[in-house]
Amino acid sequence: QVLVYFVSKIAEIHDWILSWNDGISAGFTDKQLHFLTIGVIGMILFFLIHPIFKALAKGGHVIVISWFYAITVIIVITFAIEIGQQVTHSGTMEFADIVFGVVGFITMFGIFAILRGIVMLIASLFRREKKTEERKHSEEGKHSREEKQRS
């Protein structure tokens, strides 16, 4: 039902664009309208998304960018699978299948994120311990050199 809703809204927008095209006597063909509409939508998305990703990259959050890319591709793939099932009659096209597929990725990524966090925490603790040991040895060496200089 959600998919039907989105498809009907897209159809309404499509009809509005065609009416607009006819109303102003622009005479754009269907292909030209697709070229212009998708081009404009793509550029709007780019200008909205680029500053966010740029800030994430500057902050060292490249993994977030990778996640957004992966989730986008997963959504496209799941829609393509369901549409393919409808066209080829090899299965039933269901929005729930798309939702479950995307939730599957999000769940598995969540598990990955938790495991990654644990590994990073352990690595951080080892680095902190190593720095403490190095500082301790450095101070011992410094005291030893000072004693040698005094003698």
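Here, residues in each chain are numbered from 1, in the same order as that chain's written sequence. At least 70 in pLDDT is required for a residue's local features to be given in this predicted model, at least 80 for side-chain atom pairs to be given and counted, and no such filter applies to totals for whole chains, interfaces and linings, which use all residues. Based on all heavy atoms of the structure, the side-chain values leave hydrogens and waters out of the count.

### Observations regarding helix α2 (residues 30-58)
Here is step 1: Only DSSP runs of H or I reaching four residues or more are called helices, and only runs of E reaching two or more are called strands; each is numbered from the N terminus. Each helix should span, by expectation, one fewer than its residue count multiplied by 1.5 Å. For α2, which comprises 29 residues, the first-to-last C-alpha distance of 41 Å matches the rise-based estimate of 42 Å (1.5 Å per residue) to within 8%.
Here is step 2: What is called the bend at a residue is the angle between a pair of axes, fitted to the seven residues leading up to and ending at it and to the seven starting from it. Maximum bend of α2: about 30°, positioned at Ile49, with proline Pro51 one to four residues after it.
Here is step 3: With its phi angle positive at about 80°, Gly60 sits one or two positions after the end of α2.

### Comments concerning the packing of aromatic side chains
The way to describe two aromatic rings as a pair is by their centre distance and the angle between their planes.
Here is step 1: Two aromatic rings, drawn from Phe, Tyr or Trp (for Trp, its six-membered ring), form a pair once their centres lie within 6.5 Å of each other, and the interplanar angle then sorts them: stacked below 30 degrees, edge-to-face above 60, tilted otherwise. Counted under the stated rule, the structure contains six aromatic pairs.
Here is step 2: Relative to Phe68, the ring of Trp67 has its centre 5.2 Å away and its plane inclined at 80°; by these criteria the two rings are edge-to-face.
Here is step 3: A simple rule labels every residue: compare its accessible area, found with a 1.4 Å probe on the protein chains alone, to the largest value its type can have, and call it buried under 20%, exposed over 50%, or partly exposed in between. On the basis of relative accessible area, Phe68 is assigned to the partly exposed category, the value being 37%.
Here is step 4: Taken together, a centroid distance of 5.4 Å and an interplanar angle of 55° make the contact between Phe109 and Phe112 tilted. In this pair, Phe109 and Phe112 are both assigned in helix α4 (residues 95-150), three residues apart and thus about one turn of the helix distant.
Here is step 5: Owing to a relative accessible area of 23%, Phe109 belongs among the partly exposed residues under this scheme.
Here is step 6: By relative accessible area, which is 38% here, Phe112 ends up partly exposed.

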